[in-house]
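Understanding the architecture of this molecule
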Amino acid sequence: MQSTRDWTPDDLFGELSKSYLDRSTELSPVYATYLGDHRFDGELDEVGEKARERTIAFCKEYLERLGKLPREHLSKAKQIDAALLEHELSSTLWRIEVLQEWAWNPRGYTDLCGRAIYNLMARDFAPIAKRLSSAADRLEKLPRLLEQVRESLVPRRVPKIHAETAVKQNKGVLSILDNMVVPHLDKLEKAERGRLEAAMKTARAAVDKHQEWLEKEVLPQAAGDFRIGRELFDKKLAFTLNSPLSRAEIRKRADSELKRVREQMYQLSKGVFLKKEPARVFPEKPDEAHRQETIQAALELAYADKPARDAVVKTARESLVDIEAFVRKRDLITIPDDPIEIIIMPEFERGVSVAYCDSPGPLDVGQKTFYAVAPLPEDWTDKQVDSFLREYNRRSIHNLSVHEAIPGHFLQLAHSNRYPSLLRAVLSSGVFIEGWAVYTEQMLADEGYMNADPLMKLIALKWYLRGIANSIIDQEIHAGDMSREEAMRLMTVDTFQEEREAAGKWIRAQLTSTQLSTYFVGYQEHRDLRAEVEKQKGDAFNLKKYHDQVISYGSPPVRYVRRLVLGLPVADYCLVYTSDAADDTPCVDLGGRRIIKK
């Protein structure tokens, strides 16, 4: 056995990261189950004041331990992992001590309760009887968890939109019991089945009690502002993005891209109509009204090809077959053999997005990925349904499958989970992940998906406009005072979104902050990186090799991937300095500390 005296800096960091991973999962058993650490499958998170104090002490301990390491002597990979760990620990401290969502965001708790059972039942990581036994353990503890939630939340600080959404989502955990637990009761022995049935009865009563509290206490008192304000937004944005791009630079790029993409869509639309009517004359200097009308008319041709109300999931399944065949034929990227299944979105997750990719955790590599699609609400009018299906026409559903599955989230995360550093996989960057998915949408359209159909390209560009709009409304709502009317105009007019899509995004923008910026920022960084590598390699550039390399490093922020792909040093990019630098220092402020941008 190697003596600790002979340990290299990498060895020391390896021990620290191993210790961090081993102890951090104990702080959240539900998250541990998702990651694939099944030591705590029968436990349920603590969310009260003492739990927050433990987490704060944990973060400060590991920040102190990290500060004692000779990070400048670490290998490139370990320098990046150390920077990511420091970022995560600082972010967690700031979120608990300053942002304090634990006091005003009930949605985090509804998600936690749903995930507690869903994560156990969704994948076959252990025999069904063992997973059901763990579910019973957690259900028995649910009353305690919900009691802690009621002690933590301050009703008057809860924004009304958060309260309304929590009221709708809270009982989703009961649908998980009905759909994912009850059908397996006959697989248990009599005594264990009796225990699980009793635990479900206890859980149902606890959820009903919590529902009454949400409806009678939280909703009537909810008076918090859904806008988190400029100061909190800027800090949270820095933590979320971990990017050199500031809010001002993001807005500048978004305004420029909005103009450029609309012009590209106009030229595409002109081509569509000129192919049908070669003699048609377009003005040499079209005004904005003409451009708007021309693009909208071309989009109408795509909207006409839409699925039936009950065929959205079926269309998504069919699109996945076509996309995979195209990617394999063009040899654009290496496709893993991992299983993927398209499912109806669980009830406790509905109300925020239309679809998502639920990949297995890095310790459950090879387990099934779920591409979840939300069903259309039953209370929607025919007009609302038509609005939704126009937005999610057949070409849009193909684009959605590119984003959520291949070559987007499913494919990229399957590669990410195989990266040798478990710490890197756990501390993944949402900006890299979402940016990659948006990048693949545009890449596949550029490569001629659907036989280079101009309407498919038009739809892909429209989706990119959505990402641009996301970044604008995100900052203008939370760091500004954008009204619903202004946001709806940006979405429905400037970026051609249908009313149902825009109305849903307005709700999502109120419920979240900074996440909507990840799509645009991530895409900008991925696009910039590819352009830089193409310029460097010239004729030797190979698209498949480039794609495989970019996603081979896990999911760190793109700025670190750039350093690895281009062979640049990492240490000078990860050094952290105190916050007494001048205001014009080129750096990113992270909770009172600054990271040099080079």
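Residues numbered from 1 in each chain as written. Predicted model: local features only at pLDDT ≥ 70, side-chain atom pairs only at ≥ 80, totals over all residues. Heavy atoms only, no water.

Glancing now at the overall build of the protein chain. For the protein chain, the helix and strand inventory stands at 27 helices and 6 strands. A compact globule built from 598 residues would reach a C-alpha radius of gyration of about 25 Å, and the protein chain, at 25 Å, matches this within 12%. For the protein chain, the C-alpha atoms occupy an extent of roughly 75 × 60 × 50 Å along the three principal directions. Put simply, of all contacts in the protein chain between residues at least 6 apart along the chain, 78% involve residues at least 24 apart. Summed over all atoms, the accessible surface of the protein chain reaches about 26000 Å², with 50% contributed by carbon and sulfur. Mean positive and mean negative side-chain charge positions of the protein chain (89 and 94 charges, respectively) differ by 1 Å. (Helix = DSSP H or I, 4+ residues; strand = E, 2+ residues; numbered from the N terminus. Rg over C-alpha atoms; globule rule 2.2 N^0.38 Å. Contact = heavy atoms within 4.5 Å. Areas by Shrake-Rupley, 256 points an atom, 1.4 Å probe, with all protein chains shown as cover. Lys, Arg positive; Asp, Glu negative; His and termini not counted. Charge placed at Lys NZ, Arg CZ, Asp CG, Glu CD.)

This part covers the sheet that holds strand β2 (residues 355–358). Strand pairing in a sheet takes place through backbone hydrogen bonds and is either antiparallel or parallel in direction. Taken in spatial order, the 3 strands line up as β1-β3-β2 in an open sheet, and their pairing is mixed. Of all strands in the sheet, those bounded by a partner on one side alone are β1 (340–344) and β2. Between one strand and the next, the sheet's axes are offset by a mean angle of 20°, whatever the strand orientation. Sheet topology note: the β1/strand β3 (residues 369–373) ladder contains 5 bridges and is parallel. Across the sheet, isoleucine 340 pairs through a bridge with threonine 369, a residue of β3. Together, β1 and β3 form the strand contacts of helix α14 (residues 312–330), whose direction differs from that of β1 by roughly 165°. (Pairing = 2+ DSSP bridges. Axes fitted to C-alpha atoms, helices over the stretch in contact; angles between N-to-C directions.)

Our focus in this paragraph is helix α4 (residues 76–99). In this model, α4 (24 residues) spans 32 Å end to end at C-alpha, consistent with the 34 Å of a helix rising 1.5 Å per residue. Phi turns positive one or two residues past the end of α4, at glutamine 100, with a value near 55°. (Expected span 1.5 Å × (residues − 1).)

Under the definition given, this model contains 14 aromatic pairs. With a centroid separation of 4.7 Å and an interplanar angle of 45°, the aromatic rings of phenylalanine 58 and tyrosine 62 are classed as tilted. With a gap of 4 residues between them, phenylalanine 58 and tyrosine 62 both fall in helix α3 (residues 49–67), about one helical turn apart. Judged by its relative accessible area of 5%, phenylalanine 58 falls in the buried class. On the basis of an interplanar angle of 40° and a centroid distance of 5.4 Å, the ring pair of tryptophan 436 and tyrosine 439 is categorised as tilted. Note that tryptophan 436 and tyrosine 439 are positioned in helix α19 (residues 430–446) at a spacing of 3 residues, about one turn of the helix. Among the residues examined, tryptophan 436 registers a relative accessible area of 0% and is labelled buried. Using a relative accessible area of 6% as the deciding quantity, one classes tyrosine 439 as buried. Taken together, the ring pairs connect Trp380, Phe388, Tyr392 and Trp463 into an aromatic cluster. (Phe/Tyr/Trp six-rings, centres within 6.5 Å; stacked < 30°, edge-to-face > 60°. Buried < 20%, exposed > 50% of the residue type's maximum accessible area, 1.4 Å probe, protein only.)

Between the first and last C-alpha of helix α24 (residues 518–537) there are 28 Å, a value that for 20 residues agrees with the 28 Å anticipated at 1.5 Å per step. Those residues of α24 not exposed but buried are Thr518, Tyr519, Phe520, Val521, Gly522, Tyr523, Gln524, Glu525, His526, Leu529, Arg530 and Val533.

For residues that are not glycine, phi is negative in most cases, and the peptide bond is trans in most cases. Following isoleucine 406, the chain continues into proline 407 via a peptide bond in cis, with omega recorded as 0°. In the Ramachandran plot, alanine 452 falls in the positive-phi region, its phi being about 55° despite a non-glycine side chain. Positive phi, close to 80°, is recorded for threonine 514, a residue that is not glycine. Positionally, threonine 514 belongs in the loop between α23 (499–511) and α24. Here threonine 514 falls in the buried class, since its relative accessible area comes to 2%.

Any functional reading would require information beyond the geometric quantities listed.
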